[in-house]
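Close look at the chain arrangement
What follows is the residue order along each chain.
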Amino acid sequence: MSIKRIATHLVQHHWRARQIFPQAVLDRIEQAIRQGESTHSGQVRFVVEGALDGGSLFRNQPARDRALDVFSHLRIWDTAHNNGVLIYLLLADRDVEIIADRGIDAKVGGEGWERICRAMEAEFASGRFEQGVIGGIAAVSRELARHFPPQGPHANELPDAPVVM
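Below is a summary of the structure that appears in this document. (Residues numbered from 1 in each chain as written. Predicted model: local features only at pLDDT ≥ 70, side-chain atom pairs only at ≥ 80, totals over all residues. Heavy atoms only, no water.)

**As for helix H6 (residues 102-125)**
Short version of the rule: Runs of H or I in DSSP of at least four residues are treated as helices and runs of E of at least two as strands, each being numbered from the N terminus. Here a helix's expected span is defined as the number of its residues, less one, multiplied by 1.5 Å. To get the bend at a residue, fit one axis to the 7 residues ending there and another to the 7 starting there, then take the angle between the axes. Only protein chains enter the accessibility calculation, which uses a 1.4 Å probe; a residue is then buried when its area is under 20% of its type maximum, exposed when over 50%, and partly exposed in between. Residue contacts are counted whenever heavy atoms from the two residues lie within 4.5 Å of one another.
The end-to-end C-alpha separation of H6 is 30 Å, well short of the 34 Å expected for 24 residues at 1.5 Å each. Along H6, the sharpest change in direction is near 85° and occurs at Gly109. Among all positions of H6, only Gly103, Ile104, Val108, Gly109, Gly112, Trp113, Ile116, Cys117, Met120, Glu121 and Phe124 are buried. Summarising the contacts, the buried residues of H6 are in contact with strand S2 (84-90), strand S3 (95-100) and helix H7 (129-147). Among the residues trailing H6, Gly127 stands out with phi positive, at a value near 80°.

**Quick notes on the pattern of salt bridges**
This is how the line gets drawn: A pair is scored as a salt bridge if a Lys or Arg side-chain nitrogen falls within 4 Å of a carboxyl oxygen belonging to Asp or Glu.
Summed over all chains, the structure comprises eleven salt bridges. When the shortest N-O distance is used, the salt bridge between Glu49 and Arg66 registers 2.9 Å. Residue Glu49 is found in strand S1 (residues 43-49), and its partner Arg66 is found in helix H5 (residues 63-73); the two are separated by 17 residues along the sequence. For Glu49, a relative accessible area of 5% puts it in the buried group. For Glu143, the salt bridge identified is with Arg146, shortest N-O distance 2.6 Å. In this pair, Glu143 and Arg146 both sit in helix H7, three residues apart, roughly one turn of the helix.

**Focus on the side chain of Asp101**
Structurally, Asp101 is set in the loop between S3 and H6. When neighbours within four sequence positions are excluded, Asp101 is seen to be in contact with Phe71, Ile76, Trp77, Asp78, Thr79, Asn82, Asn83 and Gly84.

**Thoughts on the pairing of S1**
Selection criterion: Each pair of strands is called paired provided DSSP finds at least two bridges between the two strands.
Across the seven residues of S1, seven count as buried, placing the element largely inside the fold. Taking every second residue as pointing to the same face, both faces of S1 are buried, with Gln43, Arg45, Val47 and Glu49 on one and Val44, Phe46 and Val48 on the other. Pairing analysis gives seven bridges linking S1 to S2, with the strands arranged parallel. Pairing of Val44 across the sheet is with Val85, part of S2. Sheet topology places S1 next to strand S4 (residues 163-164); two bridges connect them, and they run parallel. In the sheet register, Val47 faces S4, and the bridge partner there is Val163.

**Overview of the sheet that holds S3**
Keep this limit in mind: Fitting a line to C-alpha atoms yields each axis, with helices limited to the stretch in contact; the angle taken between N-to-C directions then spans 0 to 180 degrees.
The mixed open sheet is built from four strands, whose spatial order is S3-S2-S1-S4. Only two strands of the sheet have a single neighbouring strand rather than two, namely S3 and S4. The strands touched by helix H3 (residues 23-37) within the sheet are S1 and S4, with S1 carrying the most contacts at an inclination of about 160°. Packed onto the sheet, H5 meets S1, S2 and S3 and runs at close to 45° relative to S3.

**A short note on the side chain of Glu121**
In this fold, Glu121 is placed in helix H6. Sequence-distant contacts of Glu121, defined by excluding residues within four places in its chain, comprise Arg94, Asp95 and Val96.

Pasting the structure below:
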């Protein structure tokens, strides 16, 4: 457990997520998800968590493990075609994780998701959080459109609204 990581998470608590992602930005992210989902039959969720707290922080939970918890909690795995995708940002660590259900993950693979994550993190390093998230959503949607093109009207199985934790 790193004292520096604990301090960062305590200082950059949840207020930071609301500062970087005010409602107007969240609305544009929601629109990007809606637009992307019109090009495929998958489901995309975006979650930003300002910082870990409590047990998660003191257990030194990695961002990927936390993303898996969120993926499960939001039931992103529970889509008709096994093609739900979570884009998770742990803001205090500036770490992006993409967790994908088995249907789409088998087609894109870890390297494909990692490329998208690194591109988003590069935008964040330059302070372009909104552009990074919207670019990441577009990249995920391109993968979903390639492997799960729309097949007529389909139900929106998961909310499009971003989640700020």
